Amino acid sequence: MTIQISKSKCFYNQMADILNNFYEKNNLEHMCALESQMCGNYKTQDQLDWLERFSEVWDKVENRATLQRNS
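A few points on the structure. Just so you know, these numbers come straight off a predicted model, no measurement behind them.

How each quantity is defined
- Residues numbered from 1 in each chain as written.
- Predicted model: local features only at pLDDT ≥ 70, side-chain atom pairs only at ≥ 80, totals over all residues.
- Heavy atoms only, no water.
- Helix = DSSP H or I, 4+ residues; strand = E, 2+ residues; numbered from the N terminus.
- Polar contact = N/O pair within 3.5 Å; in protein donor to acceptor, adjacent residues only side chain to side chain.
- Disulfide = S-S within 2.5 Å.
- Core = buried A, V, L, I, M, F, W, Y, C linked by side-chain atoms within 4.5 Å.
- Buried < 20%, exposed > 50% of the residue type's maximum accessible area, 1.4 Å probe, protein only.

1. A short note on the side chain of Q37
Right, so step 1: Take Q37: it is sitting in helix α2 (residues 33-39).
Right, so step 2: Within the structure, the side chain of Q37 is placed 3.3 Å from the backbone oxygen of L51, a separation counted as a polar contact.

2. Describing the state of the cysteines
Right, so step 1: Counted by the stated rule, this structure contains zero disulfides.
Right, so step 2: Here C39 stays free of any disulfide, with the sulfur of C32 as its closest cysteine sulfur at 9.6 Å.

3. Let's talk about the nonpolar core
Right, so step 1: Y12, M15, L19, F22, Y23, L28, M31, A33, L51, F54, V61 and A65 together form the largest nonpolar core, which totals 12 residues.
Right, so step 2: For this core, the secondary-structure elements that each account for two or more residues are α1 (7-25) and α3 (45-70).
Right, so step 3: A per-element tally of this core places α1 first, with five residues.

4. Details of unusual backbone geometry
Trans is the prevailing form of peptide bonds, just as negative phi is the prevailing case for residues other than glycine.
Right, so step 1: Phi at N27 is positive, roughly 55°, even though this residue is not glycine.
Right, so step 2: Taking the relative accessible area as the measure of exposure, N27 reaches 64% and is therefore exposed.

Set out below in structure tokens:
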């Protein structure tokens, strides 16, 4: 039996790894990027900017995956 993993799932895993590395590198609590923005889980404006950009990319990936599932 072969289990197929969609490209979007692999990409979500890569993005989760990138976010986890960001939290580790910056000594921040691990949580959703959007939650981090909302509750102030960042120490600098640069970190907030990074989280905002990350969230924008995540939304684009999620939207693309939804479009592919619906077509």
